[in-house]
Amino acid sequence: MKLRTLFFAFLASAATAAQAVDLSNAMILVAKPELVDQIYGSTVLVVTPVGADQHAGFIVNRPSRTTLGQLFPEDGPSQKVIDPVYLGGPLSPQVLFALVERTQSPGGQSFELMPGLYAAVEEQTVDHIIRSESDHARFVAGLVVWRAGELRAEIENGAWYVLAPDPGLALRKPSQGLWEELVRVSKMRANSI
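Residues numbered from 1 in each chain as written. Predicted model: local features only at pLDDT ≥ 70, side-chain atom pairs only at ≥ 80, totals over all residues. Heavy atoms only, no water.

**Structural notes on the nonpolar core**
Item 1. Counting residues in each nonpolar core, the largest one holds 39 residues, and the members touching the most others are Leu29, Val46, Phe58, Leu99 and Leu151.
Item 2. The leading source of residues in this core is strand β1 (residues 27-31), at five residues.
Item 3. In this structure, Val81, Tyr118, Val126 and Ile130 belong to the second largest nonpolar core, which totals 14 residues. (Core = buried A, V, L, I, M, F, W, Y, C linked by side-chain atoms within 4.5 Å. Buried < 20%, exposed > 50% of the residue type's maximum accessible area, 1.4 Å probe, protein only. Helix = DSSP H or I, 4+ residues; strand = E, 2+ residues; numbered from the N terminus.)

**Quick word on the side chain of Lys32**
Item 1. Structurally, Lys32 is set in the loop between β1 and β2 (44-51).
Item 2. One buried charged residue, Lys32, remains without a salt bridge, the closest side chain of opposite sign being Glu34 at 5.8 Å.
Item 3. Among residues more than four places away in sequence, those in contact with Lys32 are Gly158, Ala159, Trp160 and Tyr161. (Lys, Arg positive; Asp, Glu negative; His and termini not counted. Salt bridge = Lys/Arg side-chain N within 4 Å of Asp/Glu carboxyl O. Contact = heavy atoms within 4.5 Å.)

**Focus: the environment of Ser78**
Item 1. When you line up the elements, Ser78 lands in helix α3 (residues 76-79).
Item 2. Not counting residues within four places of it along the chain, the set of residues in contact with Ser78 comprises Leu68, Gly69, Phe72 and Ile130.

What follows is the structure in structure tokens.
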């Protein structure tokens, strides 16, 4: 009987936590099926706070039809990366970022998206990742930026499921049904609260 009481206490605390999303930490956003949008519909994003209730992040499940080898035909290491470049977001789509899973910063103008996942933008750092760490990286063009309060409003209006940060999940191949699986898990979690 005590175990059952503890279980219901856990569910009650999870419900309270779900109602008050902490936007001061990194997170994974999963577009709810009701979010019908050409850019953001059916997406999974990694997001980090950048201060003053503003956030930045990247779409991680929207592959393009372009590879690094096509973008950089003269670069031998780029030819070896078979994964496509992903659409990271509509802002600055001409800028190539490397999202790399590692315990420390790759250097340059890199920033931590979440524990164990960094975003590199500086050309030398991205080139180094292409040459030496492409197996643990995703290359994305562009990013998403939310002004103060925008992400909070979108979550309150029901556009996103919010999940804990997970670098492995963020870099999983979308062909493995990533968005569909995360929607299913999020719905089950919401229904159990």
